[in-house]
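A closer look at the structure
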Amino acid sequence: MKRTVLSIAVTSLFFAYSCKNSQAPKQETAQTKAVKNDITDEQLMDRVQKDALKYFWDYAEPTSMLGRERYHEDNIYPDNDKHVVTTGGSGFGLATLLVGVERGFIPRKEAVKRLTHMMDFLAKADRHKGAWPHWINGETGKTVPFGKKDNGGDLVETAFLTSGILMVREYFKNGNAEEKVLASKCDELWKGIQWNWYTKGGEKVLYWHWSPEYQWEMNFPLEGYNECLITYILAASSPTHPIDAETYYKGWTRNGKYLTDKTKYGLPLYVKHNYAEEYGGPLFWSQYSYIGLDPTGLSDKLVKNYFDLNKNQVLIDYKYCIENPKQWKGYGPNYWGLTAGYTRNKDGSTGYTAHMPINDNGVITPTAALSSFPYTPKESMNFLRFLYTEKPEFIGSAGPYDATSVNYNNWFTPRYLAIDQGTIAPMIENYRTGFLWKLFMNAPEIQQGLKKLSFQSEKYGIR
């Protein structure tokens, strides 16, 4: 599901659906029993990374092998979309698979074989001026409309996918013959994306959608600040269809007008979060673009340190949950984190919403805190330990369930979304070793693209 939160109204328009059920009885197994509290932090991080990996390794869509939009343990799919894959979530899945290989959780040779299959599928799947749609039929490769007019290219989801594709290329490009072929396939896919087409004829801004049938009728310019920064980074870095720096500064930064001097809980926000200026947006805004883009000491002409920007957004969310103005049962130092995902409707059924301080209904999404490890390692570890040692009912076959609530008698939905499970292993790994950050930031085109946009990073020699 599309996660951008440009307003509560937009969120409701795109995501308001409700599905009956949710809490099917679950057999207690070794997977779901609480782990002992003497487990080390390193063992806990291994455990949750392995668990989240299963979403993309064990439960991938069986024809394409890409990440399903959703995986439901209860096998209830109200929209009959079990076979639908998500391009953005699949990009996070590629990063997750790389973590699995690097840590020895999955065999390298088997991973190369599967990744090659995935790249071959993507090469044959529908593309719209090089961009993939938001959803693809995993059995046929055809576009699955996300909405009536959203039936063409989705540049943001394409960016999330491409970030993963580039990291796969970088990881395997100096490997054996089979791995070099895989890297070459990744390179060809990357070079086929017509980023500059999505400026609608040369406007100084990128547009989210283009459809062969409806053209530009979606009319959704990418203006900051939300989760879309990586789209501009990749578009500027393209060796074949690039945008210029003016498009970034006039479009994404709104001519610099997205800066703010507002603070919350004494923490500067630095930028105006779209329609969420008081507290900042849902926490995926600090995660999606930063699976590969390393915010550590990263600056451009307007933002002095992207790490501080993201860390403050997470800490504001954390402090809001500690303050707990709505007095939800359970909120506290060990149970926090608001982001978009499945939710509990008022009637107890499962729905979807963009949780954040201005849209808080007592539901905690585990990926919010777990994917914030680089910014809040202590607070995130407290959450991880609480979840695995004290709330085993919140853990399923592919790690923590997507939506939980202590307030509503330990309610959970036995369901997962690719875009939520897909950020857990990568962001924890970036905290542990910086593995994915190093792959992405050292890609030659990314180095040049960041320099074009006047980004600086001492860590990677970008000046």
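Owing to the predicted nature of the structure, the values given are computational and were not obtained by experimental measurement. (Residues numbered from 1 in each chain as written. Predicted model: local features only at pLDDT ≥ 70, side-chain atom pairs only at ≥ 80, totals over all residues. Heavy atoms only, no water.)

1. What to know about the overall build of the protein chain
- Broken down by element type, the protein chain carries 15 helices and 15 strands.
- Expected size for 463 residues packed as a compact globule is a radius of gyration near 23 Å; at 20 Å, the protein chain falls within 12% of this value.
- Based on the C-alpha atoms only, the size of the protein chain along its principal axes is roughly 55 × 50 × 45 Å.
- Across the 463 residues of the protein chain, 64% fall into the buried class.
- The contacts in the protein chain between residues at least 6 apart in sequence include a share of 69% that link residues at least 24 apart.
- Here the protein chain has roughly 16,400 Å² of accessible surface; of this, 48% comes from carbon and sulfur atoms.
- Side chains of the protein chain give 54 positive and 51 negative charges; the mean places of these two sets differ by 1 Å. (Helix = DSSP H or I, 4+ residues; strand = E, 2+ residues; numbered from the N terminus. Rg over C-alpha atoms; globule rule 2.2 N^0.38 Å. Buried < 20%, exposed > 50% of the residue type's maximum accessible area, 1.4 Å probe, protein only. Contact = heavy atoms within 4.5 Å. Areas by Shrake-Rupley, 256 points an atom, 1.4 Å probe, with all protein chains shown as cover. Lys, Arg positive; Asp, Glu negative; His and termini not counted. Charge placed at Lys NZ, Arg CZ, Asp CG, Glu CD.)

2. Details of the packing of aromatic side chains
- This model, assessed by the stated rule, comprises 36 aromatic pairs.
- Taking 4.9 Å as the distance between ring centres and 85° as the angle between the ring planes, the aromatic pair formed by Tyr171 and Phe172 counts as edge-to-face. With respect to burial, Tyr171 and Phe172 carry one shared label: buried.
- The rings of Tyr55, Phe56, Tyr59, Tyr71, Tyr335, Phe383, Phe386, Phe394, Tyr401, Phe412 and Tyr416 are connected pair by pair, giving a single aromatic cluster.
- Positioned over the ring face of Tyr265 is Lys264, at 5.8 Å from the centre of the ring.
- Note that Arg344 overlies the ring of Tyr408, its terminal NZ or CZ placed 4.0 Å from the centroid. (Phe/Tyr/Trp six-rings, centres within 6.5 Å; stacked < 30°, edge-to-face > 60°. Lys NZ or Arg CZ within 6 Å of the ring centre and 35° of its normal.)

3. Thoughts on the pairing of strand β9 (residues 340–344)
- Among the five residues that make up β9, four are buried, leaving the element largely enclosed by the rest of the structure.
- Examined bridge by bridge, β9 and strand β10 (residues 350–354) share five bridges and lie antiparallel to one another. Within β10, the residue paired with Gly341 across the bridge is Thr353.
- Connecting β9 to the next strand, β10, in antiparallel fashion are five residues, including Gly348 with a positive phi near 90°. (Pairing = 2+ DSSP bridges.)

4. Details of the UniProt feature "domain: Glycoamylase-like" (unreviewed entry) in the protein chain
- UniProt tags residues 219–443 as "domain: Glycoamylase-like" (unreviewed entry).
- Regarding residues 219–443, the helix share stands at 33% and the strand share at 12%, and the terminal C-alpha atoms are separated by 32 Å. (UniProt positions renumbered as here; feature names shortened; annotations may be inferred.)

5. A short note on the pairing of β10
- Within β10, five of the five residues are buried, which leaves it mostly tucked inside the rest of the structure.
- Because side chains alternate across β10, one face comprises the buried residues Thr350, Tyr352 and Ala354, and the other comprises Gly351 and Thr353, equally buried.

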